[in-house]
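Descriptive structure summary
Chain residues, written in single-letter form:
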Amino acid sequence: MNPKLTLIKNAKIVNEGTIFNGDILIEGSYIKQIDSSISAKSSDVHVIDAEGKYVLPGAIDDQVHFREPGLTHKATIETESKAAIAGGITSFIEMPNTNPQTTTIEKLEQKFDIAAKTSYANYSFMFGGTNDNLDEILKLDVNQVAGLKLFLGSSTGNMLVDDTKVLEKIFESTKMLISVHCEDEATIKKNFKTHFEKYGDDIPIKYHPVIRSEEACYLSSSKAIELAKKTGARLHVFHLSTGKETGLFSNKIPLSEKKITAEVCVHHLWFSDKDYDTKGTLIKWNPAVKSKKDRDQLWKALLDDRIDVIATDHAPHTIEEKNNVYTSAPSGGPLVQHALPAMLEMYHNGRITLEKVVEKMCHNPAILFQVARRGYIKEGYYADLVMVDLNNPWTVTKNNILYKCGWSPFEGTTFKSRITHTFLNGNLVYQNSKFNDVKFAKRLTFNR
């Protein structure tokens, strides 16, 4: 059992734009005190010396696909949340395109029940909008559900919302945050037809960003934003992949006041179309990884605050599925275990500061989704904390990959930074590659 009181000593604390030396006292599930020096006044206090290490708030991943129910040969809430904890992600928001899809309140509560029993990390779920479930959307408790997810481009099953009247009605009728996947289906189908006629099923993977083009992304994103402005809806555009789209977003006001926000994913910040030659379908995502120029423009918009959040879009498939020819290889890949180490590598490369990593992966998801008492290192907040050694290199190998699918697009990559400890709701749940198998996860709640 974990002790009631835990004292983290001599930490470099990264929080709210500053790095400072200090101690953190945890009592029960919460941070009780933060100070330059705190004494252990009782033998019951478990002291952890963080000398030389950095302590960050636990990351909040606003977009994952953990594949349960129905697709559990790829992943489960248990396996992927465990990988997330090892990667410093302490809270996740999971998407509705499972089987069955999360498009009724009954199906939503079934997923909450699974997570309550099996999740290693704090959890919430998006509710999926369709062309015919507005009545269900209007019944949602806005303080108990992360938000609404709409697929305005490619999707599975019947989750493509392509009826413009229905779309406008949803935007007008809900005060919930609406997250959208934006790719124009007609443009993609036209581009695909051209390449299929030339190559058949075995289209070279390098044409993926040509098929799922800048035009397809921009057309859909700009339409969604236009509709949000018309209706006053609160819109969050997932996984930007093009430089052109960044021009649709603003940094003129604080995030808490924005009605239109954007996210970028780790893979769009790390890879470019040059990587298709070596990674093939392992980096086939929707939207597609595009050019170095796009990647540079995404970084620029991230750093100047037009893009608000870094997420993963963690979406595992088996290696057998990914190794198919183009038309049969599914899009998506696993990322939660390696997202924070990848961004810390970008810190080492001089691309982003530690303070900005914390802002985009911890603070801003909490602000954007109005998550209650998480995403910061503050007295009275839940003690979701990650301890990082910035100079402890390790290489991603099959032996240390925790995803159920057993592979990673980062396999063979050496990261300079290592996550040594993860605390969840005040409990030490991960330490030096070993897990506490007692599950301390809680359902996220929201202050709306």
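Please refer to the structure higher up on the page.
Scope of this entry: the structure provided in the associated data block. Counting restarts for each chain, with residues numbered from 1 along the sequence as it is written. Owing to the predicted nature of the model, reporting of local features is limited to residues with pLDDT of at least 70; listing and counting of side-chain atom pairs is limited to 80 or more, with chain, interface and lining totals taken over all residues. Hydrogens and water are ignored here; the side-chain numbers use all heavy atoms of the structure.

With that out of the way, let us pick up helix α1 (residues 77–86). Of all 10 residues making up α1, 7 are buried, and the element is well covered by its neighbours. Of all the positions in α1, only I77, E80, S81, A83, A84, I85 and A86 are classed as buried. Turning to α1, the residues buried within the fold contact β7 (89–94), α2 (105–118), β8 (122–128), β17 (418–424), β18 (427–431) and β19 (434–435). Directly beyond the C-terminal end of α1, a positive phi value near 80° is found at G88. In this scheme, a residue with accessible area under 20% of its type's maximum is buried, one over 50% is exposed, and one in between is partly exposed, where area comes from a 1.4 Å probe on protein chains only. Labels follow the DSSP assignment, with helices taken as runs of H or I lasting at least four residues and strands as runs of E lasting at least two, numbered in each case from the N terminus. Contact definition: two residues touch when any of their heavy atoms are within 4.5 Å.

Here we take up the packing of α1 against α2. Interhelical geometry of α1 versus α2 gives an angle of 55° and a closest axis separation of 9 Å. When the axes of α1 and α2 are compared, the pair comes out oblique. Handedness of the α1/α2 crossing: right-handed. On the side of α1, the interface is formed by I77, E78 and S81, while α2 contributes K111, I114, A115 and T118. Polar here means any residue outside two lists: the nonpolar Ala, Val, Leu, Ile, Met, Phe, Trp, Tyr, Cys and Pro, and the charged Asp, Glu, Lys and Arg; Gly therefore counts as polar. Residue classes in the contact of α1 with α2 are distributed as 3 nonpolar, 2 polar and 2 charged. Note on definitions: angles span 0 to 180 degrees between N-to-C directions of axes, and those axes are lines fitted to C-alpha atoms, for helices only across the stretch in contact. Here the word oblique covers every angle except those under 35 degrees (roughly parallel), over 145 (roughly antiparallel) and from 65 to 115 (roughly perpendicular). Rotating anticlockwise by less than a right angle from the far helix to the near helix defines a left-handed crossing, while the corresponding clockwise rotation defines a right-handed one.

In what follows, a disulfide is any cysteine sulfur pair within 2.5 Å. Taken as a whole and assessed by the stated rule, the structure comprises 0 disulfides. Of all cysteine sulfurs, the one in C217 lies closest to C182, which takes part in no disulfide; the gap is 8.6 Å. The exposure class assigned to C217 is buried, which follows from its relative accessible area of 1%.

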